[in-house]
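Breakdown of the fold
One letter stands for each residue in the lines below.
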There are 8 protein chains.
Amino acid sequence: MIFENYDRIVFAGDSVTSMGSNQPVGEGLRDNVGFGFVRVIENLLSAFYPEVILRITNCGVSGDTTVQLLDRYDHHVVDLKPDWVAICIGINEVWRQFDSPAMQELHVSPEQYRANVEEMIRRVKDTVKGILILSPYMMEPNREDPMRKRMDEYVEVSRQIAEKHGCIFVDFQKMYDEYCQIRHNCYIAWDRIHPNQVGATLMACEVLKHCGFDFGRLAGTGSL
Amino acid sequence: MIFENYDRIVFAGDSVTSMGSNQPVGEGLRDNVGFGFVRVIENLLSAFYPEVILRITNCGVSGDTTVQLLDRYDHHVVDLKPDWVAICIGINEVWRQFDSPAMQELHVSPEQYRANVEEMIRRVKDTVKGILILSPYMMEPNREDPMRKRMDEYVEVSRQIAEKHGCIFVDFQKMYDEYCQIRHNCYIAWDRIHPNQVGATLMACEVLKHCGFDFGRLAGTGSL
Amino acid sequence: MIFENYDRIVFAGDSVTSMGSNQPVGEGLRDNVGFGFVRVIENLLSAFYPEVILRITNCGVSGDTTVQLLDRYDHHVVDLKPDWVAICIGINEVWRQFDSPAMQELHVSPEQYRANVEEMIRRVKDTVKGILILSPYMMEPNREDPMRKRMDEYVEVSRQIAEKHGCIFVDFQKMYDEYCQIRHNCYIAWDRIHPNQVGATLMACEVLKHCGFDFGRLAGTGSL
Amino acid sequence: MIFENYDRIVFAGDSVTSMGSNQPVGEGLRDNVGFGFVRVIENLLSAFYPEVILRITNCGVSGDTTVQLLDRYDHHVVDLKPDWVAICIGINEVWRQFDSPAMQELHVSPEQYRANVEEMIRRVKDTVKGILILSPYMMEPNREDPMRKRMDEYVEVSRQIAEKHGCIFVDFQKMYDEYCQIRHNCYIAWDRIHPNQVGATLMACEVLKHCGFDFGRLAGTGSL
Amino acid sequence: MIFENYDRIVFAGDSVTSMGSNQPVGEGLRDNVGFGFVRVIENLLSAFYPEVILRITNCGVSGDTTVQLLDRYDHHVVDLKPDWVAICIGINEVWRQFDSPAMQELHVSPEQYRANVEEMIRRVKDTVKGILILSPYMMEPNREDPMRKRMDEYVEVSRQIAEKHGCIFVDFQKMYDEYCQIRHNCYIAWDRIHPNQVGATLMACEVLKHCGFDFGRLAGTGSL
Amino acid sequence: MIFENYDRIVFAGDSVTSMGSNQPVGEGLRDNVGFGFVRVIENLLSAFYPEVILRITNCGVSGDTTVQLLDRYDHHVVDLKPDWVAICIGINEVWRQFDSPAMQELHVSPEQYRANVEEMIRRVKDTVKGILILSPYMMEPNREDPMRKRMDEYVEVSRQIAEKHGCIFVDFQKMYDEYCQIRHNCYIAWDRIHPNQVGATLMACEVLKHCGFDFGRLAGTGSL
Amino acid sequence: MIFENYDRIVFAGDSVTSMGSNQPVGEGLRDNVGFGFVRVIENLLSAFYPEVILRITNCGVSGDTTVQLLDRYDHHVVDLKPDWVAICIGINEVWRQFDSPAMQELHVSPEQYRANVEEMIRRVKDTVKGILILSPYMMEPNREDPMRKRMDEYVEVSRQIAEKHGCIFVDFQKMYDEYCQIRHNCYIAWDRIHPNQVGATLMACEVLKHCGFDFGRLAGTGSL
Amino acid sequence: MIFENYDRIVFAGDSVTSMGSNQPVGEGLRDNVGFGFVRVIENLLSAFYPEVILRITNCGVSGDTTVQLLDRYDHHVVDLKPDWVAICIGINEVWRQFDSPAMQELHVSPEQYRANVEEMIRRVKDTVKGILILSPYMMEPNREDPMRKRMDEYVEVSRQIAEKHGCIFVDFQKMYDEYCQIRHNCYIAWDRIHPNQVGATLMACEVLKHCGFDFGRLAGTGSL
C-alpha cells in the first residue's frame, strides 16, 4: 500500500468530501471526520492496516468551488504539512450554473477551474509524497442532460490535470456510470450528487483501489 | 454468495446490533438501519452486489438480554418471515452482573442463555435458509479479567449452540482479540463493548467472510 | 369559474400535495394547508375571487401510495362531504420500486393503481360537482430513464381513468416536460419530485387553467 | 416585460419586504428570499418567464424606518449594483408613533421621510434602469382612524416622490382598500400590516402589473 | 367586597381569559393561572386583601366559542363547585365569521350564543353566590367596521342575559371604547383582541370595580 | 402625579428590578421591560394615565451590587438622560455575605454601599426632576435572623441617603413586614427575595403611592 | 452495619427524596437515583462497603403528601419487596397550608398525617428487616415562624410514630437546627426546604449514622 | 485539618477534575464547581467544617494535558492567588497515545510531563501554603495492559515530583487498584477513566485523608 506509517492524508473538497465533518478541518475522535467517503476510507485503513498509523484529515467545506477552496488552501491544506493530498472539487462550479443561473459570480468556467486546481497542485507538489485527483461527477446516466454534459467537461479537465502533473486519478464519474446501469441513481442519492452510505462505500473503495490497498485482508486471505 | 435475490435478512440483538437503528425494527430509507455493523453489511452488499436485491432488517434493541429478545421474538423476528436470521446476543447478560450487581433479575445465567438462544433457533429453523450466530464479546485482551472470563463462558455456549444446530458461527471475540494485539481497545470503543465505525467495519467484514461474499469485487477483480 | 360560493374542495394525495400541511387533514388559519401547490391555489382564489368563499382542504399525507390513501379515504375525504375532489397520487408507487427495491409490499402495480383510483372516484362521484385527476410526474426529461419510463405508465393510466369517468385531467408531467426544456430540473427540485415554490406556482396555475379561473383578474383586466 | 436577462432587482424595505428573509440580504437557494411578496414575485417570474434569468435580492429588515434603511443603504443596496431598485418603506415611521408614543427617536416625520427616500433615489438613479416606489399602507378601511390618517400622509409623500423622480409607483394602500371592501382585513393580516400569503400574492401581482408582466402566460394563452 | 374567605371564583372563557394559563384548568403555584386579566385580578386581591383567602381558577381555553365551552362546562366549571362564576365568551363566534368565512361550522349565531350562555347560567345559578357576565369586545373604535358591528350584537345579547338573570355585567367593550379615544388600539393589542399587560390591567380593574373592591387599599388610605 | 408628559423614568437595580427584562437596558414593545414591579408600574400608568406619555426604562441586571451598578451607571443610566431615576440596590451586598461567605470580593460593606449610592445620586441630581430611593429588603419577619439584621443596616443607610439628598424614599422592607404579618412570606417568594406577581403588585403600588398616583382612577372615581 | 448483602432499601418520599430521580421509581445505572441525599447514601455505601451489594431504590415523587404517597404505596413500595423502607414525608402537608392557603384539599392535618404514615408502616412491617422514619423539617431557625411552628407538630408526630412502631428515627430537623446555628440557611437552600449538595451530604451522613455505618472506613482506619 | 479560615484551594487538571464545572474556572453558587471529586470535597468540607470558610475553585478543563494546562496556568491558577494548589494531570498524555496514535502533537512524553509539572510547582511554591499532587490513574487492574503500563510511568513521575518538592502526594492509582479488587471497574466508570459519583466519592475521601480531615465528624463523634 502506498501509505506509510505516520503519513498524513488531507482530503480537500466540498460537501461531498465533508458530509458532516467538522468544518473547515475535521479529524480525530468522535465524528469530526464526517460520514462520507473519507470516513469509510479511514474505517477500512484502520480496520485492516492496524499496524500502519495514518492521519486522515477532512478539509471539505460545503458549497465550495475551486475559488473558495483556493482562498483557504494555504491555511487548511498546506499548513497542515500533509504527506498526501486528495482533491475532490468541481461539482459546485457546474451545479450553480443550473440551480442558480442568476448568480453568475458562483459560476466557475472550465478554464478557471483548470487554473485553480493546477495552482493547488503547485502549492504542495514539492512537499508531498503524492496527490490524488478525485473527479467531480453527477449520478446522471443520461449524457445528454445539460448538467451532466457540462460536468463531463470538468471531469475531462480533472483527468488532464492529473495526467499532466503525474497525480493519481480516480474517476468517480465512471464508477457511478457503471453502478447506475444496475441500480437507479435514486437508490444512492436524492439529488444525484450527495451519496448515501452505499455511495460513500463505493467511493472509498474506488479511491483505495488506486492506493495499493489489499482488499484480500477483508477476506482474511491477505491477498486475492 | 449465500444470499439470493429478494432474501430478507433479519439481525436480532442488543445495542451492538441496533447502534441507533429505529427500534424495535429498522430498515429501508434514511438512517433506520442504524450506524453499526448491520449498516456496514448493507453498504457492502448494496455497493458490490447491486444485481442482488436484499432486505436488511435491524431488530436490535438497546439493553436486551435473551430474556427480552425472546419475549419480543415472535413479533419482531418470526412475523417478518425472514429468509435468514442473525442473532448477536449475550453481552448484557454478562455486563449487568458487573455494573449492576444488585439487580439480580437482570443477570442471565449461561444455562438460561443457552435455553433462550436455542428456543430462538427452534422458532425459525424450519422456515429460514440459514441462521447466523454472532458471538458476544468483550474487547478486553486480558482473559483473567472477571468480566472477560465470564463472557468467555457465553461465547463458548454460543459456539456450541451454533455447532449443534448447524448454524453459521461468527466469532467476534476472536476477531477482536486479534485486532487488539495491535491496537489498544480504546481505539475502537470507550467501554470495550460498543464499537466505533472502525469496529463496525471489522464486524461487518467478519460476518460477510462467512457468507461467501466476494471481496475481490471491492478490488474490481471480482466477477459479476 | 367552476367553483361556487361555499364549495369545499378536497385535495387528496401524497407529500407533493401535503408539503408541510397539517396531516392528515389541514385547512383554515395558520399554515395548516401547507406550502405546496394547494396553498398557491388557495392564495390565488382568495386574492382574486374575494367574493367567492371557498373551503380548501389539504388531505395529502407524505409517502402515501393509492393503497394507503384508499385505506383512509372514507374518513379523510368522503366524510368531509366535498363538492370537488382533486386526486394527485402515483409517485410513490413508482419511486419505491427504484429507491427501495427490496420492500416489495410498497410497490403498487399499474393495475392496482388503476383499480384503487377508480375506487376513489366511485366513492364520491355521485355526491360531488366534479373530480380532478392530477397526474403523477417525474421532473426527468429523459424518457429513457427507467423511473421516468415507469412513471409514464402511471401517467397514462391516470389519463385513461380521467377520460373514462369524465374527470378534469391535469397533466403535470407534460407541464414539467415543457418547463424543463428551458430550465434544468434542479432549478425547481432537489430530487426531481418535490417542487420548490416556483414549481408549486406552476402546478397551481396548471390546475386553475382547467377550472375556468380568469387570470385576467391578476392583470386588473378581469371583471368581478 | 421591463426586466431583461440577468437584471438584478433589489427590494429594500422593512419586515413587510423581509417576511422571514435572510437579513439583511437574502437571495438564492432555500428560503433566503423569505415568504412575503418578494418571493411570490420571484415565483411568478421564474415560473412564467423561464427564459429570462433574473436575480431577486431581498434587502428588507424588520423594524426599519427610512432612518435605518438609509444608514445601511450604501452597503446593502448600492454596493449590490442593482439594475432595478424597489423601495417599500414608511410603515414603521407611522406605527411607532402609535404603539410606542414615548420613544420619540423612532418617530420619523413626513418631511424626514421625504428627504430620506429622495436620498435613496439619488444614490442609485444614475446607475439603475428604473426605480419602483411601493407605497406604505395600513389595511384599515376607516380613513378617520388616526393611524390610517397619518399613514395617508406618507402614502401621499411616496406618490409625490415617485412622480417627481419618474419612478414607477405602486399604490398598495389603494389595492388593499379595494380588497377590504369585500373581505375583512382580519382575513389577510392579524395586525392590519403584515400580510399572510393571500396578501403577499395580491401585492406581488400589483407590483408585476406595473412591470409589463404578461399574466396571459399563466393562462397558457400568452396574452389576455 | 363581595368575595368572602375561601370563596372559589372560576373564570370560564376563551384565549382572552386563558392568556397562557394551564389549559383547560389552571390555578395555584407558578404560572398556571396565565398572564391575562385573571392573573391581575388574583394579584390585586392577594396583595390588598391578604386576610381573605380566595381561590381563583382559570378555565379559559384558546379558540373556544360557546359551543366548545358548553361541551366542557360540566367538567371544567360545574364540577369545581365554584362560589362565583365569571363568563367571558363570544369573541370567537364573531371572529371566525370574518377570518374563516368558509368554515361555517365555527360561526355561532347570536341566537345560539344567547341560548348557550343562558344554559351556562342555568347550570350553576342555584349553587353559586353570583355570576359575572364579562362582555365580548373588539378594540375597534369604528362602529361601522363589519366585525365591530357584528360584535356589538353579541355584546348586547350578553348585556340582556346578565340583566335577565341578575348577573353582574362588566362591559369590556365600553371600557375599551373609552380608552381608545385617548390611545390607539395598537398600543394595547396587535390584533384588536388579545390585550397586552396594560389591557389586562384595565380589564382586571373593570371587573373588580363591580365587586366592591376597595381601591383605596392600594393608596394605603383604606377607602377613597 | 409627579410624572409629566414625555418624562423618562429609569429604574436601576438588580434582579428584583430586572425580573426577566432585556439586560442591561429594556424598554418598549414585547416583554423588554420584564415581569417585575417595573412592569406593573408601567401597566398602571399606561392604563390609568393614557393622556400622559411616559417612558419606562428598566436597567436592572441580575446579581448586581452597587459595585457593578456604579461601573455601568454612566452608560446605562446617565447617558439615557432620564427625567427621573429610581434606584433599588443593596440586596446582593448582603446576600453574598451569607450564601457565598468565601467570596469576599462580592461582599460590599455598608460604608461602601453608602458611598456608591451617593455617587449615583451625585451623577444625576442636577439633570433630573427627582430621584427615588427604593430600599433593599428581605421578606424575613424575624429581625433576629442574621441576614435580616444585616439587611436592616443597609435599609437604614438607604433611608439616610434619601433624606440627606432630598430623594423620595420607598420603604419596601416596611411594606413587606406588614404584609407578612398576615400571609407567610412563602406565599410571595421562594427565597424571601424575588417576589412573584403578587409581590410585584405590592411593590409597584408602594412606589406609585409616593408619586402622587391617583388610585381613584382605578375605581373610576378619579378625574382625568 | 445493619444492611446485608443483596438487601433492597426503598426510599419513599417527596421532592426532597427524589431530587431529580426517575419518577416514580429510580434506581440503577445513570442518574436514575437522582441527585439528593439518597444518591449520597448510595455513593458512600458503594464506595466504602464494596463487598456488600445493596440495591437502593428511590421512590420519591415531587409534591407528594402522605395522601398521594399512600395512594401509590402498594405499587411503588410494597410490590418491590424491600428489605428496608425509609420514609421521609410531611413537608408538603405543611408547605401547602402557607403557599396555597386556598387549596384546602392539599392541606393534610397532623391527624391524617399520623394515620397515613402508620398505615404505610403497617403494610410493610411484617416483611421488612427494618423501617426508617426520616423526619420532615424546615431550615428555619426561628421557631416562632408560623410554618416552622406547624412543621414542628409534624416532626413530633413522626417521632412518636417511630417510637411506637420501633422504627429507626432520623431527626433531620434537629440536624439542620444545629447546622444553621453556624451557617445561614441560605447557604444550603434557596427555599429553606430543598437542600443543595451540601445539605444532601449532611442528610446522608445523618441517616447512615443510624445504620451502623463505619465512617472510619473513609479515613482508611476501618473503625472509629 | 490543614485548611484554615478563608483559604482558597485551586484544583487544576483535566476532565476528571472538571466533570461539568464551568470551564476554565468554576466556583460558587449553582453547579459551577462541577459534579466530580472537587464537588464532593467541597460538600464534605462545607457540611462538616461549617465554622471554616473555604473557597474551592475548579480549574479543570476537559482534554488538557500538561501542555495546555501550563499554557493557561498563570491566568487560571497563579492569578487567583491560591493558598493551596492541587494538580491532577497526566491522563490525557497517555490516553492520546492509544486512542489517537496518529496525532503525535498530543502525545506528551514522561520527560515533558515531568518538566511541565515541576514548572507548575515552581510558579506557586513560594506563595502557597501547600501543594497537592494527585496522581493520574487508569482503572485497569491488569498491569500488563499497555496503556496501564504507560500510565504507571507517569504515576511514578508524579510521585517523584511530589517527593522532590515536598508536596502532599495522593495516589489515586493505588486507591483504584484496591477498590477494583472487589468491584469490577465497569461499576465506577464506562471508560476506566471518568469516575461516576461513587468514584468521585472515593477520590474526595482519598484527598481529604491527606488533609487532616476529621472523618469522625461525619459520625458525630468529632474525632477518630
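Just so you know, these numbers come straight off a predicted model, no measurement behind them. (Residues numbered from 1 in each chain as written. Chains lettered and ligands numbered in written order. Predicted model: local features only at pLDDT ≥ 70, side-chain atom pairs only at ≥ 80, totals over all residues. Heavy atoms only, no water.)

Below, the discussion takes up the side chain of F:Arg55. Relative to the helices and strands, F:Arg55 is located in strand β2 (residues 55–60). At 2.7 Å, the side chain of F:Arg55 forms a polar contact with the side chain of F:Glu27. Among residues more than four places away in sequence, those in contact with F:Arg55 are D:Ala102, D:Met103, D:Gln104, D:Glu105, F:Asp7, F:Arg8, F:Ile9 and F:Glu27. (Helix = DSSP H or I, 4+ residues; strand = E, 2+ residues; numbered from the N terminus. Polar contact = N/O pair within 3.5 Å; in protein donor to acceptor, adjacent residues only side chain to side chain. Contact = heavy atoms within 4.5 Å.)

In this section: the relation of the copies chain A and chain B. Rotating chain A by 180° and translating it 0.0 Å along the rotation axis places it on chain B, where the RMSD comes to 0.0 Å. Each copy turns onto its partner about a two-fold axis. (Least-squares fit on C-alpha atoms with pLDDT ≥ 70 in both.)

With that out of the way, let us pick up the environment of H:Ile133. Residue and element names in this part refer to chain H. Assignment of secondary structure puts Ile133 in strand β4 (residues 130–134). Exposure remark for Ile133: the relative accessible area of 3% places this residue in the buried category. Considered as a pair, Ile133 and Ile87 are 46 residues apart in the sequence and their alpha carbons are 5.2 Å apart. Apart from residues lying up to four places away in sequence, Ile133 is in contact with Ile87, Val117, Ile121, Ser158, Ala162, Cys167, Ile168, Phe169 and Val170. (Buried < 20%, exposed > 50% of the residue type's maximum accessible area, 1.4 Å probe, protein only.)

When two helices pack together, their arrangement is captured by the angle between the axes and the distance separating the axes. All names here are of chain H. Put simply, helix α8 (residues 172–179) and helix α9 (residues 197–209) touch, their axes get as near as 11 Å, and they point 130° apart. Taken as axis vectors, α8 and α9 run oblique relative to one another. Considering only the axes of α8 and α9, their crossing is right-handed. Taking contact as the criterion, the partners of Phe172, Met175, Tyr176 and Tyr179 in α8 are, on α9, Val198, Gly199, Leu202, Met203, Glu206 and Val207. Its residues assigned to classes, the contact of α8 with α9 comprises 8 nonpolar, 1 polar and 1 charged. (Axes fitted to C-alpha atoms, helices over the stretch in contact; angles between N-to-C directions. Parallel < 35°, antiparallel > 145°, perpendicular 65-115°, else oblique. Left-handed = near helix turned anticlockwise from the far one by under 90°. Nonpolar A, V, L, I, M, F, W, Y, C, P; charged D, E, K, R; others polar.)

Right, let's talk about the sheet that holds strand β1 (residues 8–13) of chain D for a bit. All names here are of chain D. Here we have 5 strands laid out as an open sheet, ordered β2-β1-β3-β4-β5, and parallel in their pairing. Two strands in the sheet have a free side with no partner beyond their single neighbour: β2 (55–60) and β5 (168–170). For this sheet the average axis-to-axis angle between neighbouring strands, irrespective of direction, equals 15°. With 6 bridges connecting them, β1 and β2 associate as parallel partners. The partner of Gly13 across the bridge, within β2, is Gly60. Across the face of the sheet, helix α5 (residues 110–124) comes into contact with β3 (84–88) and β4 (130–134) while running at roughly 160° to β4. (Pairing = 2+ DSSP bridges.)

Taken residue by residue, the interface counts 28 residues in chain A and 29 residues in chain B. Each partner contributes to the roughly 2500 Å² buried at the junction of chain A and chain B, and carbon and sulfur atoms together form 69% of this total. When the buried area of chain A at its contact with chain B is split by residue, A:Pro50, A:Arg183 and A:Leu218 rank highest and sum to 19% of it. Between the two partners, chain A and chain B, sit 8 residue pairs in polar contact (both at pLDDT 80 or more). Secondary-structure elements contributing two or more residues to the side of chain A that touches chain B are α2 (37–48), α8 (197–209) and α9 (216–219) of chain A. The class makeup of the residues in the side of chain A that touches chain B is 19 nonpolar, 5 polar and 4 charged. (Buried area = accessible area lost by both parts, 1.4 Å probe.)

One finds no contact linking chain C with chain G; the least C-alpha distance across the pair is 33 Å. Separated in space, chain E and chain H share no contact, their closest pair of C-alpha atoms being 21 Å apart.

Facing 18 residues of chain D, the contacting portion of chain E comprises 18 residues. Interface area, chain D with chain E, both sides summed: about 1500 Å², of which 63% is carbon and sulfur. Of all residues in chain D, the largest losses of buried area upon contact with chain E belong to D:His184, D:Cys186 and D:Trp190, amounting jointly to 35% of the total for that side. Where chain D meets chain E, there are 2 salt bridges. A salt bridge links D:Arg192 to E:Glu140; the nearest nitrogen and oxygen atoms lie 2.8 Å apart. Summed over the shared surface of chain D and chain E, the result is 4 residue pairs in polar contact (both at pLDDT 80 or more). Elements represented by at least two residues in the side of chain D that touches chain E include exactly α4 (91–99) and α6 (146–165) of chain D. (Salt bridge = Lys/Arg side-chain N within 4 Å of Asp/Glu carboxyl O.)

Bringing helix α2 (residues 37–48) of chain C into the picture now. Spanning 12 residues, α2(C) covers 16 Å between terminal C-alpha atoms, matching the ideal 16 Å at 1.5 Å per step. Regarding α2(C), the residues found buried are C:Phe37, C:Val38, C:Arg39, C:Val40, C:Ile41, C:Glu42, C:Asn43, C:Leu44, C:Leu45, C:Ser46, C:Ala47 and C:Phe48. (Expected span 1.5 Å × (residues − 1).)

Moving on: the state of the cysteines. Going through the model one piece at a time under the given rule, you end up with 0 disulfides over all chains. Free cysteine: B:Cys180, not disulfide-bonded; nearest cysteine sulfur from B:Cys186 at 9.5 Å. Free cysteine E:Cys205: the closest other cysteine sulfur is in F:Cys205, separated by 8.8 Å. Given a relative accessible area of 1%, E:Cys205 falls into the buried group. (Disulfide = S-S within 2.5 Å.)

Here the focus is the sheet that holds strand β3 (residues 84–88) of chain H. All names here are of chain H. Reading across from one edge, β2-β1-β3-β4-β5 is the order of the 5 strands in this open sheet, with parallel pairing throughout. Whereas interior strands pair on both sides, the edge strands pair on one side only; in this sheet they are β2 (55–60) and β5 (168–170). Across this sheet, the average inter-strand angle for adjacent strands is 15°, counted without regard to direction. When strand β1 (residues 8–13) meets β3, the two strands line up parallel, connected through 5 bridges.

Looking at where E:Trp95 falls in the secondary structure, it is placed in helix α4 (residues 91–99). In this structure E:Trp95 comes out as buried when scored by relative accessible area, which is 4%. Setting aside residues no more than four positions away along its own chain, E:Trp95 makes contact with D:Cys186, D:Trp190, E:Ser100, E:Met147, E:Asp191, E:Ile193 and E:His194.

Under the defined criterion, the tally for this structure stands at 72 aromatic pairs over all chains. Relative to C:Phe37, the ring of C:Phe11 has its centre 6.0 Å away and its plane inclined at 80°; by these criteria the two rings are edge-to-face. Placement of the pair is C:Phe11 in strand β1 (residues 8–13) and C:Phe37 in helix α2, with a sequence separation of 26 residues. C:Phe11 sits in the buried class, given a relative accessible area of 3%. Members of the aromatic cluster, connected to one another through ring pairs, are A:Phe11, A:Phe37, A:Tyr137, A:Phe172 and A:Tyr176. Between the NZ or CZ atom of A:Arg183 and the centre of the ring of A:Tyr187, over which it lies, the distance is 4.4 Å. A cation sits over an aromatic face here: F:Arg217 above F:Tyr49, 3.8 Å from the ring centre. (Phe/Tyr/Trp six-rings, centres within 6.5 Å; stacked < 30°, edge-to-face > 60°. Lys NZ or Arg CZ within 6 Å of the ring centre and 35° of its normal.)

It is worth spelling out the pattern of salt bridges at this point. Once the charged atoms of two side chains with opposite charge are near each other, the side chains can pair. One pass over the structure, following the stated rule, counts 192 salt bridges over all chains. Between A:Arg96 and A:Asp99 there is a salt bridge, with its nearest N and O atoms 3.0 Å apart. A residue pair is termed a helical-turn pair when its members lie 3 or 4 positions apart in one helix, as A:Arg96 and A:Asp99 do in helix α4 (residues 91–99) at 3 residues. There is no split in this pair, since A:Arg96 and A:Asp99 are both buried. A salt bridge links E:Glu118 to E:Lys164, with the shortest nitrogen-to-oxygen separation between them at 2.7 Å. Taken as a pair, E:Glu118 in helix α5 (residues 110–124) and E:Lys164 in helix α6 (residues 146–165) lie far apart in primary sequence, 46 residues in all. Looking at E:Glu118, the relative accessible area reads 9%, which means it is buried.

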